[in-house]
Amino acid sequence: MTSGPLPRVLLVTGTDTDVGKTVVTAAVAATVLAAGLRVAAYKPTQTGVAPGEPGDMAEVERLTGVATSEGVRLRAPMAPRPAAALEGARLPTMAEHLESVTDLSGHHDVVVVEGAGGLLVELTEAGETLADLAGGLRDAGALVVARSALGTLNHTMLTREALSHRMIPQLGVVFGAWPDEPGVVETTNRDYLDDLPEGLLGAVPLGAPRVDPPAFRAAAPTWLPGLAQRLATS
């Protein structure tokens, strides 16, 4: 597993939509908190949520108590560009997202950024993605959230290849919903991903969002031992 200091900005991307990015973002934030560091979370684009409704960052804040913010909120549960077009909304520019993350970095030791869908989902009208956000930051790395079931190896390796092509530091893979009774597919997938150079940071159990917030915060470092270990040596 990769060792050494963690970047100050941790980008949480997924192999697909609905793989558990939000609960992993919360678990990452809680693990950083347990290491005694100041942490905030940011989501550049929240889709599928109406004004006044709790979104992904509200869930992160509920589970961890950390400060959170969004770049923009859109009603339609779809990719940001078409969602914005449907309601005539303006998407923040990449420069604005970079300013938001940089400002948070000035007041916190670590900023956790949760992407929308996968790595190359377009976040701006110019077609820029979470990968472009990473490229514009001086000290950032990516965690890949993956499913545990059949098909995840291909999706994970494609995401890793895209990160490598863009020279974005890879911090490891996290399973977003590890089953209570994993089968041979899940266990062999876990062994395979654990053997990658950056390794497996951990696995958040299925049902973790239903855990009482204090218990969630206490358990998070045990779910992400690879991350906790790197924080201890940073």
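Bear in mind that the values here come from a model prediction, so they are computed numbers and not experimental data. Here the residue numbers are simple positions, counted from 1 along each chain's written sequence. Local features are withheld for residues below a pLDDT of 70 in this predicted model, meaning they are given only at 70 or higher, and side-chain atom pairs are given and counted only at 80 or more; totals for whole chains, interfaces and linings count all residues. Only hydrogens and water are set aside; all other atoms, that is, all heavy atoms of the structure, feed into the side-chain values.

## Observations regarding the overall build of the chain
Alright, step 1. When helices and strands are tallied, the chain shows nine helices and seven strands.
Alright, step 2. C-alpha atoms of the chain, sized along the principal axes, occupy 45 × 35 × 35 Å.
Alright, step 3. A total of 234 residues make up the chain; the buried ones form 51% of that total.
Alright, step 4. Here, residues are in contact when the closest pair of their heavy atoms is within 4.5 Å. When contacts within the chain are restricted to residue pairs at least 6 apart in sequence, long-range pairs at least 24 apart make up 76% of them.
Alright, step 5. Working note: accessible area of the chain is about 10300 Å², and carbon and sulfur atoms make up 53% of it.
Alright, step 6. All tallies of charge rest on Lys and Arg as positive and Asp and Glu as negative; His and the ends of each chain are not included. Charge coordinates come from a single atom per side chain, which is NZ of Lys, CZ of Arg, CG of Asp or CD of Glu. Taking the average place of the 17 positive charges on the side chains of the chain and the average place of its 27 negative ones, the gap between the two points comes to 3 Å. Elements are defined by DSSP. Helices are runs of H or I of four residues or more, strands are runs of E of two residues or more, and each kind is numbered from the N terminus. Three exposure classes are used, based on accessible area relative to the maximum for each residue type with a 1.4 Å probe and protein chains only: buried under 20%, partly exposed in between, and exposed over 50%. To measure how exposed things are, a 1.4 Å probe is used in the Shrake-Rupley method; for residues, cover is taken only from the protein chains shown.

## A few points about the environment of Val 144
Alright, step 1. Within the secondary structure layout, Val 144 lies in strand 5 (residues 140–146).
Alright, step 2. Exposure remark for Val 144: the relative accessible area of 2% places this residue in the buried category.
Alright, step 3. Val 144 sits 23 residues away from Val 121 along the chain, and the two C-alpha atoms are 14 Å apart.

## Some points on a nonpolar patch on the surface
Alright, step 1. What goes into a patch is any residue over 30% in relative accessible area without a salt bridge, connected to like charges within 9 Å or, for nonpolar side chains (Val, Leu, Ile, Met, Phe, Trp, Tyr), within 5 Å. The salt bridge definition used is simple: a Lys or Arg side-chain nitrogen within 4 Å of an Asp or Glu carboxyl oxygen. A surface patch of nonpolar side chains, about 320 Å² in accessible area, is lined by Leu 150, Val 184 and Val 185.
Alright, step 2. By secondary structure assignment, the location of Val 185 is in helix 7 (residues 184–194).
Alright, step 3. Val 185 sits in the partly exposed class, given a relative accessible area of 30%.

## What about the UniProt feature "binding site: ATP" (unreviewed entry) in the chain?
Alright, step 1. UniProt positions are given in the numbering used here, feature names are shortened, and annotations may be inferred rather than shown by experiment. When the UniProt feature table is mapped onto this chain, "binding site: ATP" (unreviewed entry) is found at Asp 18, Val 19, Gly 20, Lys 21, Thr 22, Val 23, Asp 56, Glu 114, Gly 115, Ala 116 and Gly 117. In terms of the greatest pairwise C-alpha distance, the residues named above, spread along 100 residues, form a tight cluster of at most 13.7 Å across.
Alright, step 2. Note that Thr 22 resides in helix 1 (residues 21–34).
Alright, step 3. Thr 22 sits in the buried class, given a relative accessible area of 15%.

## Quick look at unusual backbone geometry
Alright, step 1. At Asp 18, a residue that is not glycine, the phi angle is positive and equals roughly 60°.
Alright, step 2. Even without glycine at this site, Met 167 takes up a positive phi of about 55°.
Alright, step 3. Relative to the helices and strands, Met 167 is located in the loop between helix 6 (152–165) and strand 6 (170–178).
Alright, step 4. Its relative accessible area of 73% is what places Met 167 among the exposed residues.

## Quick notes on the sheet that holds strand 4 (residues 110–118)
Alright, step 1. When DSSP finds two or more bridges between a pair of strands, those strands are recorded as paired. If you trace the seven strands from one edge of the open sheet to the other, you get 3-2-4-1-5-6-7, paired in parallel fashion. Each edge of the open sheet is held by one strand with a lone partner, namely strand 3 (67–73) and strand 7 (200–205). Mean inter-strand twist for the sheet, computed between neighbouring axes without regard to direction, equals 20°.
Alright, step 2. To get an axis, fit a line to the C-alpha atoms, keeping to the stretch in contact for a helix; angles then go from 0 to 180 degrees between the N-to-C directions. Across the sheet, helix 4 (residues 94–105) is in contact with strand 1 (9–14), strand 2 (39–46), strand 3 and strand 4; its angle to strand 2 comes to roughly 170°.
Alright, step 3. In this fold helix 6 packs onto strand 1, strand 5 and strand 6, with an angle of close to 170° to the strand it touches most, strand 5.

## Considering the UniProt feature "binding site: Mg(2+)" (unreviewed entry) in the chain
Alright, step 1. Residues annotated in UniProt with the feature "binding site: Mg(2+)" (unreviewed entry) correspond here to Thr 22, Asp 56 and Glu 114. A maximum C-alpha distance of 8.8 Å among these annotated residues, which run over 93 residues, shows that they cluster at one spot.
Alright, step 2. Position of Asp 56 among the secondary structure elements: in helix 2 (residues 56–64).
Alright, step 3. Non-local contacts of Asp 56, meaning those with residues more than four positions away in its chain, are made with Thr 22, Lys 43, Gln 46 and Glu 114.
Alright, step 4. Inspection of the secondary structure puts Glu 114 in strand 4.
Alright, step 5. Excluding residues that lie within four positions of it along the chain, Glu 114 makes contacts with Val 12, Lys 21, Thr 22, Thr 25, Tyr 42, Lys 43, Pro 44, Asp 56 and Met 57.
Alright, step 6. Polar contacts, as used here, are pairs of N or O atoms within 3.5 Å; protein pairs need one atom able to donate a hydrogen and one able to accept it. Residues neighboring in sequence count only if both atoms are side-chain atoms. For Glu 114, the side chain forms a polar contact with the side chain of Thr 22, separated by 2.7 Å.

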